[in-house]
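Notes for the structure review
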Number of protein chains: 2
Amino acid sequence: MRPLFHPALEDIRPEAILYALSDPERVAIFAKLATAGCGGTCSALADLGDRVIPKSSLSNHFKVLRESGLIRSERQGVEMRNQTRCAELDERFPGLIRSILVAYGQFPGQLETMSR
Amino acid sequence: MRPLFHPALEDIRPEAILYALSDPERVAIFAKLATAGCGGTCSALADLGDRVIPKSSLSNHFKVLRESGLIRSERQGVEMRNQTRCAELDERFPGLIRSILVAYGQFPGQLETMSR
DNA sequence: ATCAACAGTTCCGAATTTCTGAACTATGGA
DNA sequence: TCCATAGTTCAGAAATTCGGAACTGTTGAT
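One structure accompanies this document, and this report is about it. Computed from a predicted structure; not experimentally measured. (Residues numbered from 1 in each chain as written. Chains lettered and ligands numbered in written order. Predicted model: local features only at pLDDT ≥ 70, side-chain atom pairs only at ≥ 80, totals over all residues. Heavy atoms only, no water.)

Nonpolar side chains in soluble globular proteins tend to be buried together. Counting 59 residues, the largest nonpolar core has I17 and L70 of chain A together with I17 and L70 of chain B as the members making the most contacts within it. The residues contacting L70 of chain A, other than those within four sequence positions of it, are I17, A20, L21, F30, L65, Q83, T84, R85, L89 and I97 of chain A. (Core = buried A, V, L, I, M, F, W, Y, C linked by side-chain atoms within 4.5 Å. Buried < 20%, exposed > 50% of the residue type's maximum accessible area, 1.4 Å probe, protein only. Contact = heavy atoms within 4.5 Å.)

Our next topic: the protein's contact with DNA strand C. The environment of DNA strand C is made up of 20 residues, and the closest members are Y19 of chain A together with R2, S43, K55 and S59 of chain B. Taking S57 of chain A, its side chain carries an N or O atom lying 3.0 Å from a phosphate oxygen of DNA strand C. Within the backbone of M80 of chain B, an N or O atom sits 3.3 Å from a phosphate oxygen of DNA strand C. Residue assignment for the surface near DNA strand C shows that the elements contributing at least two residues are α4 (55-68) of chain A together with α3 (42-46), α4 (55-68) and β2 (79-84) of chain B. Per element, the largest residue contribution to the surface near DNA strand C is three residues, and it comes from α4 of chain B. (Near = heavy atom within 4 Å. Polar contact = N/O pair within 3.5 Å; in protein donor to acceptor, adjacent residues only side chain to side chain. Helix = DSSP H or I, 4+ residues; strand = E, 2+ residues; numbered from the N terminus.)

Here we take up the protein's contact with DNA strand D. As a structural note, the neighbourhood of DNA strand D is formed by 21 residues, with C42, S43, K55 and S59 of chain A together with Y19 of chain B the closest of them. Expressed as a percentage, the sugar and phosphate content of the atoms of DNA strand D within 4 Å of the protein is 66%. Measuring from a base oxygen of DNA strand D, one finds a side-chain N or O atom of K55 of chain A at 2.7 Å. A distance of 3.5 Å separates a phosphate oxygen of DNA strand D from a polar backbone atom of M80 of chain A. Breaking the surface near DNA strand D down by element, the ones donating at least two residues are α3 (42-46), α4 and β2 (79-84) of chain A together with α4 of chain B. The element contributing the most residues to the surface near DNA strand D is α4 of chain A, with four residues. Grouping the amino acids of the surface near DNA strand D by side-chain chemistry returns eight nonpolar, seven polar and six charged. (Nonpolar A, V, L, I, M, F, W, Y, C, P; charged D, E, K, R; others polar.)

Residue and element names in this part refer to chain A. Mapping F5 onto the fold places it in the segment before α1 (14-20). By relative accessible area, F5 is classed as partly exposed at 47%. C-alpha of F5 to C-alpha of R66: the two residues are 61 residues apart in sequence and 7.4 Å apart in space. Not counting the four nearest positions on each side in its chain, F5 is found in contact with R66 and E67.

Residues and elements named next belong to chain A. Within the fold, S73 resides in strand β1 (residues 71-76). Residue classification places S73 among the buried residues on the basis of a relative accessible area of 7%. One polar contact links S73 to R66, side chain to side chain, over a distance of 3.1 Å.

On the side of chain B, 15 residues touch chain A, which itself brings 15 residues to the contact. Contact between chain A and chain B buries roughly 1,300 Å² in total, counting both sides, with carbon and sulfur atoms accounting for 78%. Among the residues chain A hides against chain B, the three largest losses belong to E15, L18 and A103 of chain A. Together they make up 35% of the total. The interface formed by chain A and chain B contains zero salt bridges. (Buried area = accessible area lost by both parts, 1.4 Å probe. Salt bridge = Lys/Arg side-chain N within 4 Å of Asp/Glu carboxyl O.)

Okay, the relation of the copies chain A and chain B next. Turning chain A through 180° and shifting it by 0.0 Å along the axis lays it on chain B, with an RMSD of 0.0 Å. What we have between these two chains is a two-fold relation. Both copies present the same face, since 100% of the interface residues in chain A are matched by interface residues at the equivalent positions in chain B. (Least-squares fit on C-alpha atoms with pLDDT ≥ 70 in both.)

Pasting the structure below:
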């Protein structure tokens, strides 16, 4: 398996963020990860209730989120742990992620990693 | 020519907004329109400095912006007048447009049509 | 009325991108 | 070693995007 690419904070591009979050499935995954109810594994994030996402599609969603700079993924044993980069992102793009999640009605209450 | 479709405020979808603004050319057009230095016509907005956008592509960009709910277009004689729907949009998606333009480094100083 | 010029739209084929089933890889446990 | 599990990669089909060429609608001139 190829090493996973994560852009440096300064290389994160707004168009990539917006593109990644222009897909409701990816937003749902990202929001779920932001609320962090689950452990952050792909399979735990796969269940969005409304449909079964094929695992190759799911893998691709994570790739898009990762390479846009929205999440970090790290292999832990047989699983993959994912976490958002909200705190960093809010530094670089103040208010952006928050207002997007709010627009989608997905803002997870008090998200302590993000300034208000 | 078919009548131009404009979604009602309540029908505007965040994914459409993000998709529309995930293209730097469209953002440049939208930002230029938001600053309103020009008259709002397509051809006036076409010149982004870096390249000549083919007019069919330009027309398509306006269509995407319009149908996502970001702008209103209205025929005025032989030309098309375009204006942003920033004020309405900010009501529906507070802070969203502003933070996107800021992220792109395109926030046009004091944009009076948008709350802060 | 006819014509030409102009602003923008529509059409349609080529190129690119997305989607997903199937095959594959990597890790851990029995 | 062999199997199960979690996720990635591959590859072909489907969908989307791009842009040149043709078209539409409006204005102004003759």
